[in-house]
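Descriptive structure summary
These are the residues of each chain, in order.
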Amino acid sequence: MLRHEASHKSNEASQNPHEEFHNLQNDSHNPNQIFESTRPKELFFIRHGETDYNLKGIVQGRKVNASLNDKGRWQSALFYSRFKNFGFEKIFTSSLKRTVETVQSFIDDEVPFQQLDGLDEIDWGNMEGKIPDDSSRTIFETTLNRWKNGELDHGMFGGESPNELHIRQANAMLTIMQSSEQKILICMHGRALRLLLCFLIQKDFCEMDDFPHQNVSLYHLRFMDNQFKIIAFNDTQHLNEPH
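Residues numbered from 1 in each chain as written. Predicted model: local features only at pLDDT ≥ 70, side-chain atom pairs only at ≥ 80, totals over all residues. Heavy atoms only, no water.

**Notes on the overall build of the protein**
Helices and strands together make up the secondary structure of the protein, namely ten helices and six strands. Classification of the 243 residues of the protein by burial places 54% in the buried group. In the protein, 69% of the contacts between residues at least 6 apart in sequence involve partners at least 24 apart. Accessible surface, the protein as shown: approximately 10,900 Å² in total, 43% of it carbon and sulfur. (Helix = DSSP H or I, 4+ residues; strand = E, 2+ residues; numbered from the N terminus. Buried < 20%, exposed > 50% of the residue type's maximum accessible area, 1.4 Å probe, protein only. Contact = heavy atoms within 4.5 Å. Areas by Shrake-Rupley, 256 points an atom, 1.4 Å probe, with all protein chains shown as cover.)

This is the structure we're talking about:
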């Protein structure tokens, strides 16, 4: 399995109590070994609702902190309608408000929640917030192809590589897995979710595009007997239900 370089360290990692993750993970890239002492958990990952940037095809990344648009709020309401009585015990979101707004109804129901910047979207560098043109589309597609070819230390100019993103994600997952709650809702971002799913089920990062997603689509993972298993794959059934 393709691994990150141990020398990569994000700002979060240097401030996080789990900052030694990059050493722990150095040779194994095996989440089952890292989380083996934790209790069984049900993890429900969703991507945030639609924003106007999504609608226009503009990359947001970490530096564009946009709110949901009307469709995004509608998507979030549909998800809440299906899962409001599901018994989530804890919510984790990224530090960006589009994820918080997506799960705001659960927060209003007083489900405890915590923001982790390790769940933020990958930093797309100088691509963020810009209306796409032919040149930027070419750069974007070239970058994705380089990742597919295993060049996981490569990132957009001024942005993050997948390996750098992985380190801050892994620190966030240590926080999540060491929490006492069992049934957990996690709201994050598309590209970041693809990479995290690869890590959790031990799939090469260069295959991250095998995980499709839409706004507020759901991946349900179960951690039991020291391994993660996908229970629901890109579930969008709730988005087809009448509001």
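**Description of the confidence of the model for the protein**
Detailed conclusions should not be drawn from predicted coordinates in areas where pLDDT is low. The predicted model of the protein has a mean per-residue pLDDT of 88, with 85% of residues at 70 or higher. With pLDDT under 50 throughout, residues 1-28 is counted as low confidence; its partners more than four residues away or in other chains account for 64 contacts. (pLDDT = per-residue confidence, 0-100.)

**As for the pairing of strand S5 (residues 218-224)**
For a regular strand, the rule is simple: side chains alternate between the two faces of the sheet. Burial analysis of S5 places five of its seven residues in the buried class, which makes it a mostly covered element. Relative to S5, strand S1 (residues 41-47) is paired through six bridges, and the arrangement is antiparallel. Note that in S5 the partner of Ile46 across the bridge is Leu218. In textbook terms, the turn of a hairpin is the stretch between consecutive antiparallel strands, and for S5 and strand S6 (residues 227-235) this stretch comprises two residues, one of which, Asp225, has a positive phi near 55°. (Pairing = 2+ DSSP bridges.)

**Considerations on the layout of surface pockets**
By volume, the largest pocket is sized at about 580 Å³. Forming the boundary of the largest pocket are 29 residues, of which Gly57, Ile58, Val59, Gln60 and Phe140 lie nearest the centre. Those elements that provide at least two residues to the lining of the largest pocket are helix H4 (52-56), helix H8 (134-148) and helix H10 (190-200). (1 Å grid on protein atoms, 1.4 Å probe; cavity = no way out; pocket = protein on both sides within 12 Å on 5 of 7 lines; lining within 4 Å. Points joined across faces, edges and corners; volume = space filled by probe spheres on them.)

**As for the pattern of salt bridges**
Summed over all chains, the structure comprises 15 salt bridges. Of the charged contacts in the structure, one is a salt bridge between Glu42 and Arg222, with a shortest N-O distance of 2.6 Å. One end of the pair, Glu42, is in strand S1; the other, Arg222, is in strand S5, with 180 residues separating them in the sequence. We classify Glu42 as buried; its relative accessible area is 12%. Taking the relative accessible area as the measure of exposure, Arg222 reaches 31% and is therefore partly exposed. Between Asp210 and Lys203 there is a salt bridge; the shortest N-O distance is 3.2 Å. Owing to a relative accessible area of 41%, Asp210 belongs among the partly exposed residues under this scheme. Counted as one network, the salt bridges with shared partners bring together Lys148, Arg191, Arg194 and Asp209. (Salt bridge = Lys/Arg side-chain N within 4 Å of Asp/Glu carboxyl O.)

**Concerning the sheet that holds S1**
Reading across the sheet, the six strands line up as S3-S2-S4-S1-S5-S6 and stay open at both edges, with mixed pairing between neighbours. Edge positions in the sheet fall to strand S3 (113-115) and S6, since each of these pairs with one other strand and no more. On average, each strand axis in the sheet is tilted by 20° relative to the strand beside it, whichever way the strands run. Both strand S2 (residues 90-93) and S3 contribute to a ladder of three bridges, which runs parallel. Of the residues in S3, the one forming a bridge with Thr93 is Gln115. Contacts between helix H9 (residues 162-177) and the sheet are confined to S1, S2, S3, strand S4 (183-188), S5 and S6, with S1 contributing the most and set at about 135° to the helix. (Axes fitted to C-alpha atoms, helices over the stretch in contact; angles between N-to-C directions.)

**Some points on the pairing of S1**
For S1, the buried fraction is high: seven of the seven residues fall into the buried class. On S1, burial covers both faces: Lys41, Leu43, Phe45 and Arg47 on one face and Glu42, Phe44 and Ile46 on the other are all buried.

**Let's talk about the environment of Leu197**
Structurally, Leu197 is set in helix H10. Given the relative accessible area of 1%, Leu197 is considered buried. Sequence separation of Leu197 and Phe211 is 14 residues, and the distance between their C-alpha atoms is 7.8 Å. Residue contacts for Leu197: discarding those within four places in its chain leaves Phe211, Tyr219 and Leu221.

**Quick word on helix H5 (residues 70-83)**
An ideal rise of 1.5 Å per residue puts 20 Å on 14 residues; H5 measures up with 20 Å between its terminal C-alpha atoms. All of the buried residues along H5 are Gly72, Gln75, Ser76, Leu78, Phe79, Tyr80 and Phe83. Looking at the buried positions of H5, the neighbouring elements they touch are S1, helix H6 (97-102), helix H7 (104-108), S4 and S5. Its side-chain oxygen at 3.1 Å from the backbone nitrogen of Lys71, Asn69 defines the N-terminal cap of H5. (Expected span 1.5 Å × (residues − 1). Polar contact = N/O pair within 3.5 Å; in protein donor to acceptor, adjacent residues only side chain to side chain.)

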